[in-house]
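Here is what each chain is made of, one letter per residue.
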Amino acid sequence: MNRSFFLLAIVLLFTPIAQASDLRLNPLRELTSLGSGSLQTDLSGVLPRVGSARPKAASLAEGRRANPLEPSMGELIVVEDETSLEDDFELQLPGQDLPESDIPLALNGKVEYFISYFQTSGRKSFSRWLSRSERYIPMMREVLRKEGLPEDLVYLAMIESGFTPHAVSVASAVGPWQFISGTGKRYDLRIDQWIDERRDPLKSTVAAAMYLKELYSLFNQDWYLAAAGYNAGENKILRAIDKYNTRDFWEISKGSYLKRETKDYVPKLLAAAIIAKEPARYGFADVAYLPPIEFDLVAIPSRTDLDLVAKLCEVDVKAIKELNPELRRWCTPPDYPDYELKIPKGKRTSFEEAYAHLPADQRYVERIVYSRYRVKKKDTLQAIARRYGTTAETLAEVNKLKPTSKLRGRTLLVPVPVATEDAAERTVAKASPKKDESRAFNKYYTVKKGDTVASLSKKFNISQRILAAWNNLKGKMALHPGKRIIVAKYVEKKGSMVPVDGGENS
């Protein structure tokens, strides 16, 4: 009896120690013994929500698991070490609901940074973007929809240009979709001295849709990579994919290969889309939106003055220019049969009736004449341009000059703007020309505050003596702002404009 009692006491004494040792050697068994409620509470800040509306981020989380655990382990599949949790912090699904969108939206540290930036330091600019957005978004959405693309790609134009047709970047990208010249021409946008269709909100949107469609296909239907390719060029992104051996934009952006601008491009796009779809929620409830742009398209068979178009439409010429920001001159482009001009909506019938009754020679009045100039020693494009009141870029474009082209000895074609009244006089003179008579034309300049005879002499490369003689300036007569003075004279000989030499050697 005493022996049995002694053996029972020994068993009862060592049983708890054995159980504790077993649990320490089997941590999974220990966690199971705590119950599911305890585990759920401890990991509430780490667990992704089941059934989340953001499957893309969820799939990214799954892809990062090197060894997926068996389904039989139930809730234990969420147990990860501290290092992996820190690495995944940027891609954790947020508790905040995102607006509905036809492009994948995500919210991570970088996206949150740009949301905060647009609400604070960039608030003024973003408010202007929102104000202009409704002017162009309806038209742009329609183009994207017809091309079978997500309509929310309109926010790419928002971060590119703020919906500004005349936007120009430091890389010479132009227009609401910021095309460089080569890419614009690749998608049939005409770019020359008369027109730059990168500035046309309608035609540039069509071109952007074609480009984005190609990028989406190239990058296996990944809009983040397609957007990054739009910014940096498809070849740059393809090289980044090869370098890092991944097609995950967020992983690629952790490296140093891409420029900061491209790394920030996608989060900036997502931030802009999130705010623009629910502006009041982010503090932009007081934005005054411009009305949507509305217009009729009319075919223009030959070069036509915009002043004439405005007159026939009974609107200010400024309205015609605002509807057609792609036009770089005062008229529709030459050598562009049936150019489609945008006019105010509802004016098409009356315009076409009135336009049809105008003879072709009354639709356009030449306002620029072309002079020939033989380059002298030490001449530069800038100096010649200043003398003729044009720009070095225009001279290079007209004469097809490259930066490395030599000027000395060349004869340049120089565009010379003629005042409207002078152009009208030329039209009258053409009706009854006199035999063997040369006609003279003047180029005028309106004096600004601070201008002097000496400064204008230097600016237009003419002597002070000649400038004073042309304008009947006696002694030290002051130049009053607003006064129109002659700064160049030309004589028409054999159909060409020849400058009257006003230089120091005259």
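Look up: the structure comes first, before these words.
Conventions used here
Residues numbered from 1 in each chain as written. Predicted model: local features only at pLDDT ≥ 70, side-chain atom pairs only at ≥ 80, totals over all residues. Heavy atoms only, no water. Salt bridge = Lys/Arg side-chain N within 4 Å of Asp/Glu carboxyl O. Helix = DSSP H or I, 4+ residues; strand = E, 2+ residues; numbered from the N terminus. Buried < 20%, exposed > 50% of the residue type's maximum accessible area, 1.4 Å probe, protein only. Polar contact = N/O pair within 3.5 Å; in protein donor to acceptor, adjacent residues only side chain to side chain. Contact = heavy atoms within 4.5 Å. Axes fitted to C-alpha atoms, helices over the stretch in contact; angles between N-to-C directions. Parallel < 35°, antiparallel > 145°, perpendicular 65-115°, else oblique. Left-handed = near helix turned anticlockwise from the far one by under 90°. Phe/Tyr/Trp six-rings, centres within 6.5 Å; stacked < 30°, edge-to-face > 60°. Lys NZ or Arg CZ within 6 Å of the ring centre and 35° of its normal. Nonpolar A, V, L, I, M, F, W, Y, C, P; charged D, E, K, R; others polar.

Moving on, we get to the pattern of salt bridges. Side chains carrying opposite charge are able to pair once their charged atoms draw close together. Applying the stated rule across the entire model yields 18 salt bridges. In this structure, Lys146 engages Glu142 in a salt bridge whose closest nitrogen and oxygen atoms are separated by 3.4 Å. Taken together, the positions of Lys146 and Glu142, both in helix 7 (residues 123-146) and four residues apart, correspond to about one turn of that helix. When the shortest N-O distance is used, the salt bridge between Lys342 and Asp200 registers 3.1 Å. Linking Lys342 in strand 2 (residues 339-344) with Asp200 in the loop between helix 9 (181-186) and helix 10 (201-218), this pair joins segments that are 142 residues apart in sequence. Like Lys342, the residue Asp200 is buried in the burial classification. The network of salt bridges with shared partners includes Arg141, Arg145, Glu151, Asp152 and Lys277.

Residue position: Asp296 is located in strand 1 (residues 295-300). The buried category is assigned to Asp296, whose relative accessible area is 15%. Within the structure, the side chain of Asp296 is placed 2.7 Å from the backbone nitrogen of Gly346, a separation counted as a polar contact. Once you skip the residues sitting within four places of it in the chain, Asp296 turns out to touch Leu341, Lys342, Ile343, Pro344, Lys345, Gly346, Lys347 and Arg348.

Attention now goes to the packing of helix 8 (residues 154-161) against helix 14 (residues 260-277). A packed helix pair is summarised by two numbers, namely the angle formed by the two axes and the spacing between the axes. The N-to-C vectors of helix 8 and helix 14 enclose an angle of 110°; their axes lie 9 Å apart at closest approach. As judged from the angle between their axes, helix 8 and helix 14 are roughly perpendicular. Crossing geometry of helix 8 relative to helix 14 is assigned as right-handed. Seen from helix 8, the contacting residues are Tyr155, Leu156, Met158, Ile159 and Glu160; seen from helix 14, they are Tyr265, Lys268, Leu269, Ala272, Ala273, Ala276 and Lys277.

Here the focus is the packing of aromatic side chains. In the structure shown here, the tally under the stated rule is 17 aromatic pairs. Arranged with centres 5.4 Å apart and planes meeting at 40°, the rings of Tyr211 and Tyr230 form a pair that is tilted. Note that Tyr211 is positioned in helix 10 and Tyr230 in helix 11 (residues 223-232), a separation of 19 residues in sequence. The exposure class assigned to Tyr230 is buried, which follows from its relative accessible area of 8%. An aromatic cluster of three or more residues is present, and its members are Tyr113, Phe114, Tyr117, Phe118, Phe126, Trp129 and Phe284. The aromatic ring of Phe284 is capped on one face by Arg123, whose charged end is 4.5 Å from the ring centroid. The side chain of Lys243 reaches across the aromatic face of Tyr244, ending 5.9 Å from its centre.

Looking now at the packing of helix 11 against helix 14. Closest axis-to-axis distance for the helix 11/helix 14 pair is 9 Å, and the angle between their directions is 125°. Classified by the angle their axes make, helix 11 and helix 14 are oblique. For the element pair helix 11 and helix 14, the recorded crossing hand is right-handed. In this structure, helix 11 contributes Tyr224, Ala227, Ala228, Tyr230, Asn231 and Ala232 to the contact, and helix 14 contributes Glu261, Thr262, Tyr265, Val266, Leu269 and Leu270. Broken down by class, the residue content of the contact of helix 11 with helix 14 amounts to nine nonpolar, two polar and one charged.

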